[in-house]
Amino acid sequence: MIDNLPYRQVGTEGARTGGLLCVVDHASNYVPDGIELGIDPKLLNDHIAIDIGVEGIADRLARQHDIPAHIACVSRLVCDFHRKEDDAAVVPTESDGHLIPGNIGADVEARLNLFHRPYHYELGQLIERLQPRMIIALHSFTPSLATSGEQRPWEVGLLYNQDDRAARHAIRLFGEQGLTVGDNEPYSGKQLNATMDRHAETRGIPYCTVEIRQDQINTKAGQSRWAVMLADVLGRVALEV
């Protein structure tokens, strides 16, 4: 964490209004001092703790493609910013078959005050200042889950809840890149869309929740490739919505 803040912002100073904005809820595997999760430290490099690859993409989008980013600095196992405050999984006690014993009986209100509320408050302030024409919510997913042997064939998925304006264009354009594209896969934005429900749908701002399969972006080369492709494809989407 920078200055004990649960987020960092890149490329936001002097950013033009009416452009794109990238939001990355699960960018970090950092566990602050004083919080004991009670898990094998190796799991902090697993998808249950962090969306692998997305931080590098967001930094590249901000520094090389003029798309400012609001990036989480705390692991989703400490506090999941992509959950509503009253969701039991906002401080998860289990993830993909792994028990998180240190979170059983945790002071959820304290975690919300320290992490969740300031993260979302500052994101809201940033949106009000920049008035983006479209928001990119960036996530990544595993080729398969530990609790399921089912393979996930999509290289990228677009998630949405009520507002599918941008997602429809993005699904078509990513398909034209020769990619296998998930339509509300591997997760459905109808069930899980907390950050975009709160910050995009309530404001009527078009958005693309982009899920990239982690084997595509677990190297710097993959992250660079996807940053270029996202800037191109989503830049074109923003012109159409």
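It should be noted that the structure appears before, not after, this text.
What counts and how
- Residues numbered from 1 in each chain as written.
- Predicted model: local features only at pLDDT ≥ 70, side-chain atom pairs only at ≥ 80, totals over all residues.
- Heavy atoms only, no water.
- Helix = DSSP H or I, 4+ residues; strand = E, 2+ residues; numbered from the N terminus.
- Rg over C-alpha atoms; globule rule 2.2 N^0.38 Å.
- Contact = heavy atoms within 4.5 Å.
- Areas by Shrake-Rupley, 256 points an atom, 1.4 Å probe, with all protein chains shown as cover.
- Lys, Arg positive; Asp, Glu negative; His and termini not counted.
- Charge placed at Lys NZ, Arg CZ, Asp CG, Glu CD.
- Pairing = 2+ DSSP bridges.
- Axes fitted to C-alpha atoms, helices over the stretch in contact; angles between N-to-C directions.
- Core = buried A, V, L, I, M, F, W, Y, C linked by side-chain atoms within 4.5 Å.
- Buried < 20%, exposed > 50% of the residue type's maximum accessible area, 1.4 Å probe, protein only.
- Parallel < 35°, antiparallel > 145°, perpendicular 65-115°, else oblique.
- Left-handed = near helix turned anticlockwise from the far one by under 90°.
- Nonpolar A, V, L, I, M, F, W, Y, C, P; charged D, E, K, R; others polar.
- Expected span 1.5 Å × (residues − 1).
- Phe/Tyr/Trp six-rings, centres within 6.5 Å; stacked < 30°, edge-to-face > 60°.

Participant: I keep staring at the overall build of the protein chain and nothing clicks. Help me out?
Facilitator: Counting its regular elements, the protein chain contains five helices and nine strands. Ordered by position from the N terminus, the helices and strands of the protein chain form the series β-β-α-β-β-β-α-β-β-α-β-α-β-α. Here the protein chain has a C-alpha radius of gyration of 17 Å; the compact-globule value for 241 residues is 18 Å, and the two agree. Overall, the C-alpha framework of the protein chain stretches about 45 × 40 × 35 Å when taken along its three principal axes. Restricting to contacts in the protein chain with at least 6 residues of sequence separation, those with at least 24 account for 80%. Accessible surface, the protein chain as shown: approximately 10,500 Å² in total, 47% of it carbon and sulfur. Each charge class in the protein chain can be summarised by its mean position, and for the 23 positive and 34 negative side chains these summaries are 5 Å apart.

Participant: Even after reading the chapter, I still don't get the sheet that holds strand β6 (residues 134-141), so can you show me in this structure?
Facilitator: A sheet is described by the order of its strands in space; here seven strands give the open sequence β1-β3-β2-β6-β9-β7-β8, paired in mixed fashion. On the outer flanks of this sheet lie β1 (7-10) and β8 (181-183), each paired with one strand and no other. On average, each strand axis in the sheet is inclined to that of its neighbour by 20 degrees, with strand direction left out of account. Sheet strands touched by helix α1 (residues 54-65): β1, β2 (20-24), β3 (69-72), β6 and β9 (207-213). Its angle to β1, the strand with the most contacts, is close to 35 degrees.

Participant: Where do I start with the nonpolar core in this structure?
Facilitator: One recurring pattern in soluble globular proteins is that nonpolar side chains are buried together. Counting residues in hydrophobic clusters, the biggest one holds 73 residues, and the most contacted among them are Leu 158, Phe 174, Val 210, Trp 226, Leu 230 and Leu 234. Considering each element in turn, this core owes the most residues, nine residues, to helix α5 (residues 220-240). The residues touching Phe 174, leaving out its near neighbours within four places in the chain, are Val 156, Leu 158, Leu 179, Val 181, Trp 226, Met 229, Leu 230, Val 233 and Leu 234.

Participant: Is there a simple way to explain the packing of α1 against α5 in this structure?
Facilitator: Packed helices, taken two at a time, are described by their axes: the angle between them and the distance between them. Axis separation between α1 and α5 bottoms out at 9 Å; the angle between their running directions is 55 degrees. The angle between α1 and α5 places the two elements in the oblique class. Classified by chirality, the crossing of α5 by α1 is right-handed. For the pair α1 and α5, contact is made by Gly 56, Ile 57, Arg 60, Leu 61 and His 65 and by Lys 220, Gln 223, Ser 224, Trp 226, Ala 227, Val 228, Leu 230 and Ala 231, respectively. Per-class residue counts for the contact of α1 with α5 are seven nonpolar, four polar and two charged.

Participant: Sorry, what's going on with helix α3 (residues 165-176) here?
Facilitator: Residues that lie three or four places apart on an α-helix share one face, since the helix turns once every 3.6 residues. Between its terminal C-alpha atoms α3 stretches 18 Å, which fits the 16 Å expected from 12 residues at 1.5 Å a residue. Buried residues belonging to α3 abut β6, β7 (156-159), β8, β9 and α5. Residue Gly 178 follows α3 closely and has a positive phi angle near 85 degrees.

Participant: How should the packing of aromatic side chains be read in this particular structure?
Facilitator: Given two aromatic rings, one states the distance between the centres and the angle between the planes to describe the pair. Per the stated rule, a full pass over the model turns up two aromatic pairs. Ring geometry for Phe 174 and Trp 226: centres 6.1 Å apart, planes at 35 degrees, overall tilted. In this pair, Phe 174 sits in helix α3 while Trp 226 sits in helix α5, placing the two residues 52 residues apart along the sequence.

None of the figures reported here should be taken as evidence of function without further support.
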